Protein chains: 2
Amino acid sequence: MTGPADRTTRRAGPDKATASGTTSLVRMSASPEGGVTEAIVEANARYAAAFTDPGLTAGPARHVAVVTCMDARIDVPAALGLELGDHHTLRNAGGVVTDDVIRSLAISQRALGTRSVVVVHHTGCGMLTITEDFRHELQAESGQRPPWAVEAFGDPDDEVRQSMRRVRTSPFLPHTDDVRGFVFDVATGRLREITA
Amino acid sequence: MTGPADRTTRRAGPDKATASGTTSLVRMSASPEGGVTEAIVEANARYAAAFTDPGLTAGPARHVAVVTCMDARIDVPAALGLELGDHHTLRNAGGVVTDDVIRSLAISQRALGTRSVVVVHHTGCGMLTITEDFRHELQAESGQRPPWAVEAFGDPDDEVRQSMRRVRTSPFLPHTDDVRGFVFDVATGRLREITA
C-alpha cells in the first residue's frame, strides 16, 4: 500500500519528462481499486481541496484557440506556456481541422472572443499508422459504414498545411488572418513551424 | 521590460488558481511582440530546453480517453491527476460526443488501446448561452447553412447523459462498458458524477 505522500506527488511538464519530480501537486494512485476512473475521482478530490475560485470567465484571456491531437504526449499548457484561463483547447485524433473543429472555432470566435488559431500536429502520430482502410474494417465488424472520414494522413507537415487552409477558407469564421501551424516533436518537446 | 525570471515562471493547476505561484516552469511573456502565437513560440523554446525524451509510445499508459469541453478553465491533467503519457484528450465546444469524437474514440480504442471513457462537462459553459439560432446567424452572415449541428444544450447533467449514451450505443467502439460522466465545477475544481 502506498502512503499519502506517494499519492500526492505532482503533475507538470518538463519535470515529468525528466523524472526529476520536484514539483508536487496531484497524482493518482498507481493501482487504484475500481480502475482508472476511480483513481481520477480520488485525484480530483485532492485537486479540489487545494483549489480556490480563480474567478475566471468563459472568454479565454489570451484570445487564442489551440487545435491539436488527442495524443498522450502533448501537455498543451506546459509545452505552449499557457495558463488556466488563457486559451481554448480543441483536440481530436490527429489534430485535424474537421467540421467539429470548425463548429467549435465558430463558437470560440463568435461567442467567446478568440481571434488567433494555433494548429499543432506532432511526430510519431498514431494516425500515420492507419489508412482509410480503417473504414472498411469498421464496416466489416459493425455491419455499417461510418458516416465520417477517418482523416488518416501520411505527412504531418502537409496535414498541418491542410488544416490551416481549412481554417483560412471557412466561411463560418470571422477571424482567419492569424492562423499558424506547427509540428511538435514528442522526443524533444520542440515546436517546428510549418509555413504555407 | 520584464526580466528572464519573470518570463520563466511556471504553469500548474491549483497553484495557479490560488495565485501562490510556487512552482516554476514555463511562462509566456505577458505582452509579447507579435501577439500570442509569438509568445507561445518563445515559451516552447524554454520548455524544449528543459525537456528530455520521456521515451513514451503513442498508446496511453492508463488506457483512458477523456472527453471534455474546450473551456479555458479546465486543466485536464491537473484536475484529473493524469500525467504526460497517461491518457488521450478529446476536446471540443461543449465536450459533446459528436461524430468527430466517435471517430477519435474508434481510433483511440482500436489502434491505441484505450478501454475507458470519461466525459467531463462543466458549470458556466459558453454553450449554455447560445442556441440552435446560432445556425441561422451563421447562415445570414455567410450566405450558407453550416453542414453541422451547433450542439447547443441547456442542462449540463442531461448533456453528460446524452454524451454517455452516444458512446455506449456507438456500433464503432469495441469498449463501451466503462463510460462515466461528470460535471466539473469551475469555481470549486470539483467533479460531480452524473449517473444514468
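What comes next is a walk through the structure. These numbers were taken from a predicted model, which means no experiment stands behind them. (Residues numbered from 1 in each chain as written. Chains lettered and ligands numbered in written order. Predicted model: local features only at pLDDT ≥ 70, side-chain atom pairs only at ≥ 80, totals over all residues. Heavy atoms only, no water.)

Moving on, we get to the pattern of salt bridges. Under the counting rule described, the total for this entry stands at 16 salt bridges over all chains. Here E38 of chain A ties to R180 of chain B by a salt bridge, and the two come within 2.9 Å at their closest N and O atoms. Of this pair, E38 of chain A sits in helix α2 (residues 35-49) while R180 of chain B sits in strand β4 (residues 179-184), which puts the two residues in different chains. For R103 of chain B, the salt bridge is made with D100 of chain B, and the minimal N-O distance between the two is 2.8 Å. One end of the pair, R103 of chain B, and the other, D100 of chain B, are both in helix α4 (residues 99-112), three residues apart, so they sit about a helical turn from each other. Each member of the pair, R103 of chain B as well as D100 of chain B, is classed as buried. Connected through shared salt-bridge partners, E38 of chain A together with R180 and E193 of chain B make up one network. (Salt bridge = Lys/Arg side-chain N within 4 Å of Asp/Glu carboxyl O. Helix = DSSP H or I, 4+ residues; strand = E, 2+ residues; numbered from the N terminus. Buried < 20%, exposed > 50% of the residue type's maximum accessible area, 1.4 Å probe, protein only.)

One number sums up the size of the largest pocket: a volume of about 330 Å³. Lining the largest pocket are 18 residues, and of these D99 and D100 of chain A together with T98, D99 and D100 of chain B lie nearest its centre. For the lining of the largest pocket, the secondary structure elements donating two or more residues are α4 (99-112) of chain A together with α4 of chain B. Here the lining of the largest pocket gets four residues from one element, more than from any other, and that element is α4 of chain B. Of the residues in the lining of the largest pocket, the class split is seven nonpolar, two polar and nine charged. (1 Å grid on protein atoms, 1.4 Å probe; cavity = no way out; pocket = protein on both sides within 12 Å on 5 of 7 lines; lining within 4 Å. Points joined across faces, edges and corners; volume = space filled by probe spheres on them. Nonpolar A, V, L, I, M, F, W, Y, C, P; charged D, E, K, R; others polar.)

So, about empty space enclosed by the protein. Per the counting criterion, the structure on display carries five cavities of 30 Å³ or more. Lining the largest cavity are 20 residues, and of these P77, H87 and T89 of chain A together with I74 and R91 of chain B lie nearest its centre. Breaking the lining of the largest cavity down by element, the ones donating at least two residues are α3 (76-80) and β2 (87-92) of chain A together with α3 (76-80) and β2 (87-92) of chain B. Considering only residue class, the lining of the largest cavity consists of eight nonpolar, five polar and seven charged. Each pocket or cavity is described by its volume, and for the second largest cavity that value is around 70 Å³. Around the second largest cavity, the lining comprises eleven residues; the ones closest to its centre are A72, I74 and D75 of chain A together with P77 and H87 of chain B. Broken down by class, the residue content of the lining of the second largest cavity amounts to four nonpolar, two polar and five charged.

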